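A closer look at the structure
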Amino acid sequence: MASPVRVVVTGAAGQIAYSLLYQLAKGDVFGANQPIILTLLDIPPMMEVLGGVVMEIADCALPLVKEVIPTADPAVAFKDVDAAFLVGAMPRKQGMERKDLLSANVKIFKVQGEALDKYAKKTVKVLVVGNPANTNALICSKYAPSIPRENFSAMTRLDQNRAQAQLAARLKVSVDKVQNVIIWGNHSSTQFPDAAHATVDLGSGSPVSVESAINDNAWLTSEFVSTVQKRGAAVIAARKMSSAMSAAKAAADHMHDIWHGTKPGQYVSMGVISDGSYDTPKDIIFSFPVVIENKQWKIVKGLPISAFAREKLDITGKELLEEREEAMAVCEN
Ligand code: NAX
């Protein structure tokens, strides 16, 4: 049997982690035969709750789990990790401005970046889920200069999965028949869910463009976009809590694809360090379509960008530049 992969989950006593840990422990992400050591980080007041989570992992009786280490100490949590799911962050409280949330959370990611730099393997793959995910990933990477910037990514896979599900429902096909829908930019309400390059297999075996299959450009450029952008808020309104099961599934999908690669002809969206592709600002974590091979992503280049898409890419890029500025001011203080 392979030697265990060492994986840290932060915010391990929270609701996303509660769904994510089961998927990790049963082999959905790193492989059905890949043993795993889980280190679970949360803050000191959550240690009792975390103890309950550890009991439940044991009670799942899953053979791949070799060890579970609950801790409030980043030095323990990040020691020699191969993969990191940075889920833990402060939730937005009533009356709190976006700016206040950003200041509180980027500080967490500064500290965790420093800890990754000091304790993790240099090959560690870091997925940032905690919001504001793109900017947190940027800050985390900045404070972990000994780890390649390409090893940090931010999660927009939930938005991609939501978009794919909306298109599949509209086309009355199962979700796997829809491919290559793109989420551009920030994981926020300025994100741009783009179906212009998406394809659907309607049963003939050879995919056709989603645009031609739906044949309703007004829907694709208005209702579809806003439904995906506002899906998180719709879930909160209904559930009184934010997306957790779907967020955990998306985190698992994201890391699965980093680990095992994307399928030929398919791409996925993730927030990665921008090289200025598609005339986006450089050095922000921007969600692009990527293909992955040997645990390395590459931005899919050369897709035609319509005037409508251009405007959307510019709006979300501008927001990320503003977030970067605010975050740097907080961290340098
Ligand atoms: P919860 O509030 O249920 O759990 C968060 C956990 O993080 C808590 O147990 C808390 O004690 C812990 N925590 C806080 N500070 C910490 C620190 N410094 N070190 C370690 N742990 C710490 O939130 P949950 O619903 O699990 O959501 C977690 C984060 O994911 C939030 O920031 C949320 O906004 C974000 N999301 C991101 C999504 C994305 O697509 N990128 C979608 C889902 C989700 O909204």
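Quick note: structure is the one above.
Residues numbered from 1 in each chain as written. Predicted model: local features only at pLDDT ≥ 70, side-chain atom pairs only at ≥ 80, totals over all residues. Heavy atoms only, no water.

1. What about the pairing of strand E13 (residues 285–293)?
Most of E13 sits inside the fold, with seven of its nine residues counted as buried. Across six bridges, the pairing between strand E12 (residues 268–273) and E13 is antiparallel. Counted as the bridge partner of Val 268 is Val 290 from E13. Here four bridges tie E13 to strand E14 (residues 296–299), and the two strands are oriented antiparallel to one another. Bridged to Val 290 within E14 is Ile 299. Once E13 ends, the chain turns through two residues before running back antiparallel as E14, passing Asn 294 with a positive phi of about 50 degrees. (Buried < 20%, exposed > 50% of the residue type's maximum accessible area, 1.4 Å probe, protein only. Helix = DSSP H or I, 4+ residues; strand = E, 2+ residues; numbered from the N terminus. Pairing = 2+ DSSP bridges.)

2. Some points on the pattern of salt bridges
Per the counting criterion, the structure on display carries 10 salt bridges. Here Asp 159 makes a salt bridge to Arg 162, at a shortest N to O gap of 3.5 Å. Separated by three residues within a single helix, Asp 159 and Arg 162 lie in helix H6 (residues 157–171), roughly one turn from each other. For Asp 159, a relative accessible area of 1% gives the class buried. Owing to a relative accessible area of 12%, Arg 162 belongs among the buried residues under this scheme. (Salt bridge = Lys/Arg side-chain N within 4 Å of Asp/Glu carboxyl O.)

3. Points about the packing of helix H4 (residues 98–119) against helix H5 (residues 133–142)
Packing of H4 against H5 leaves a shortest axis separation of 7 Å and a crossing angle of 35 degrees. Here H4 runs over H5; the crossing is right-handed. Residues Asn 105, Val 106, Phe 109, Lys 110, Gln 112, Gly 113 and Leu 116 of H4 form the contact with H5, whose participating residues are Thr 135, Asn 136, Ile 139 and Cys 140. Taken together, the residues that form the contact of H4 with H5 break down as five nonpolar, five polar and one charged. (Axes fitted to C-alpha atoms, helices over the stretch in contact; angles between N-to-C directions. Left-handed = near helix turned anticlockwise from the far one by under 90°. Contact = heavy atoms within 4.5 Å. Nonpolar A, V, L, I, M, F, W, Y, C, P; charged D, E, K, R; others polar.)

4. Focus on the site of the ligand
Lining the immediate environment of the ligand, one finds 24 residues, of which Gln 15, Ile 16, Asp 42, Val 129 and Asn 131 sit closest. The contact in question runs from a nitrogen atom of the ligand to an N or O atom on the side chain of Gln 112, over 3.3 Å. At a separation of 3.2 Å, an oxygen atom of the ligand approaches a polar side-chain atom of His 187. Taking 880 Å² as the accessible area of the ligand by itself, protein coverage stands at 84%. Residue classes in the shell around the ligand are distributed as 13 nonpolar, 10 polar and one charged. Two domains each put at least three residues into the shell around the ligand: domain 1 (5–154) and domain 2 (157–322). (Near = heavy atom within 4 Å. Polar contact = N/O pair within 3.5 Å; in protein donor to acceptor, adjacent residues only side chain to side chain. Areas by Shrake-Rupley, 256 points an atom, 1.4 Å probe, with all protein chains shown as cover. Domains from an automatic or database assignment.)

5. Quick word on the layout of surface pockets
Computed from the structure, the second largest pocket encloses a volume of approximately 580 Å³. Every residue lining the second largest pocket is counted, 24 residues in all, and those nearest its centre are Arg 157, Gln 164, Gln 179, Lys 263 and Gln 266. Sorting the residues of the lining of the second largest pocket by element identifies H6, strand E7 (178–179) and helix H11 (245–260) as the ones contributing at least two each. Class assignment of the residues belonging to the lining of the second largest pocket gives a composition of six nonpolar, 10 polar and eight charged. (1 Å grid on protein atoms, 1.4 Å probe; cavity = no way out; pocket = protein on both sides within 12 Å on 5 of 7 lines; lining within 4 Å. Points joined across faces, edges and corners; volume = space filled by probe spheres on them.)

6. Observations regarding the environment of Ala 195
Positionally, Ala 195 belongs in the loop between strand E9 (192–194) and strand E10 (199–200). Discounting residues that sit within four places of it in the chain, Ala 195 has contacts with Leu 167, Val 181, Val 210, Glu 211, Leu 220 and Phe 224.

7. Re helix H1 (residues 15–25)
Those residues of H1 that sit buried are Ile 16, Ala 17, Leu 20, Leu 21, Gln 23, Leu 24 and Ala 25. Considering only its buried residues, H1 is in contact with strand E1 (5–10), strand E2 (36–41), helix H2 (47–59), strand E3 (65–71), strand E4 (83–86) and H11. After H1 finishes, the residue Gly 27 shows a positive phi value of roughly 95 degrees.

8. Looking at empty space enclosed by the protein
Summed over the entire model, instances satisfying the criterion amount to one cavity of 30 Å³ or more. What the largest cavity holds in volume is close to 30 Å³. Lining the largest cavity are Lys 125, Glu 150, Asn 151, Phe 152, Ser 153, Ile 258, Lys 295 and Trp 297. Each of domain 1 (5–154) and domain 2 (157–322) contributes no fewer than three residues to the lining of the largest cavity.

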